[in-house]
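Each chain, letter by letter, is given below.
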Amino acid sequence: MLLAFASIMDFKLYQMDVKSAFLNGFIQEVVYVDQPPSFENSEKPNYVFKLKKTLYGLKQAPRTWYECLSKFLLEKSFSIGKVDTPLYITRKLNDILLVQIYVDDIIFGSTNDSLCK
């Protein structure tokens, strides 16, 4: 949907890959992990760690990232696309800014380049 709209409206799209998207997000669930190699406690080798934040590779990490980003965009007066839910839209006067979320990638574009900045 975003690519078709950008083509029709003739505006440039930008892409960002968020490298730390899945790190340090706060999780709601209780999650325990084994002690990682080279971080084992020799006095308590059978203990596990209780996570407070997400780690890369954790199943909850993408959902936590998306919820955090979605909350931020909604607070900044974006609205969620009705057909394509990871598409966020905001309008400033006669211009429109579109933000598409795909896992840890963000594609965005606007009818006015200054909105992209």
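Quick summary incoming for the structure in this document. Only a predicted model underlies this, so the values are computations on that prediction, with no experimental measurement involved.

## Comments concerning the nonpolar core
One recurring pattern in soluble globular proteins: nonpolar side chains tend to sit buried together.
And then number 1: Membership of the largest hydrophobic core comes to 19 residues, with the highest contact counts inside it found for Trp-65, Leu-73, Val-99, Ile-101 and Ile-106.
And then number 2: At the level of elements, helix 2 (61–75), strand 6 (95–102) and strand 7 (105–110) are the ones that each hand at least two residues to this core.
And then number 3: A per-element tally of this core places helix 2 first, with four residues.
And then number 4: Ala-6, Leu-87, Ile-89 and Leu-98 belong to the second-largest nonpolar core, a separate cluster that totals seven residues.

## Things to note about the side chain of Thr-90
And then number 1: Structurally, the position occupied by Thr-90 is in strand 5 (residues 87–92).
And then number 2: Relative accessible area serves as the criterion here: at 6%, Thr-90 is assigned to the buried category.
And then number 3: Reaching out from Thr-90, the side chain makes a polar contact with the backbone oxygen of Ser-77 at a distance of 3.3 Å.
And then number 4: Apart from the residues lying within four places of it in its own chain, the contact partners of Thr-90 are Ser-77, Phe-78, Asp-95, Ile-96 and Leu-97.

## Observations regarding the packing of aromatic side chains
And then number 1: Applying the stated criterion across every chain yields a total of three aromatic pairs.
And then number 2: Ring centres of Tyr-66 and Tyr-88 lie 6.5 Å apart, and the angle between their planes is 50°; on these two criteria the pair is classed as tilted. Taken together, the positions of Tyr-66 in helix 2 and Tyr-88 in strand 5 put the pair 22 residues apart, joining distant regions of the chain.
And then number 3: Take Tyr-66: its relative accessible area is 28%, and that puts it in the partly exposed class.
And then number 4: For Tyr-88, a relative accessible area of 0% gives the class buried.

## Thoughts on a nonpolar patch on the surface
And then number 1: Taken together, the side chains of Phe-5, Ile-8 and Met-9 make up a nonpolar region of the molecular surface, amounting to roughly 290 Å² of accessible area.
And then number 2: By the element assignment, Met-9 lies in helix 1 (residues 2–9).
And then number 3: With relative accessibility at 39%, the residue Met-9 sits in the partly exposed group.

## Brief notes about the environment of Leu-58
And then number 1: Relative to the helices and strands, Leu-58 is located in the loop between strand 3 (48–50) and helix 2.
And then number 2: Residue Leu-58 is classed as buried on the basis of its relative accessible area, which comes to 15%.
And then number 3: For Leu-58 and Val-30, which are 28 residues apart along the polypeptide, the C-alpha to C-alpha distance reads 12 Å.
And then number 4: Each residue touching Leu-58, except ones within four places of it in the same chain, is listed here: Ile-27, Val-31 and Leu-51.

Calculation rules
Residues numbered from 1 in each chain as written. Predicted model: local features only at pLDDT ≥ 70, side-chain atom pairs only at ≥ 80, totals over all residues. Heavy atoms only, no water. Core = buried A, V, L, I, M, F, W, Y, C linked by side-chain atoms within 4.5 Å. Buried < 20%, exposed > 50% of the residue type's maximum accessible area, 1.4 Å probe, protein only. Helix = DSSP H or I, 4+ residues; strand = E, 2+ residues; numbered from the N terminus. Polar contact = N/O pair within 3.5 Å; in protein donor to acceptor, adjacent residues only side chain to side chain. Contact = heavy atoms within 4.5 Å. Phe/Tyr/Trp six-rings, centres within 6.5 Å; stacked < 30°, edge-to-face > 60°. Patch = residues over 30% accessible without salt bridge, like charges linked within 9 Å, V, L, I, M, F, W, Y side chains within 5 Å. Areas by Shrake-Rupley, 256 points an atom, 1.4 Å probe, with all protein chains shown as cover. Salt bridge = Lys/Arg side-chain N within 4 Å of Asp/Glu carboxyl O.

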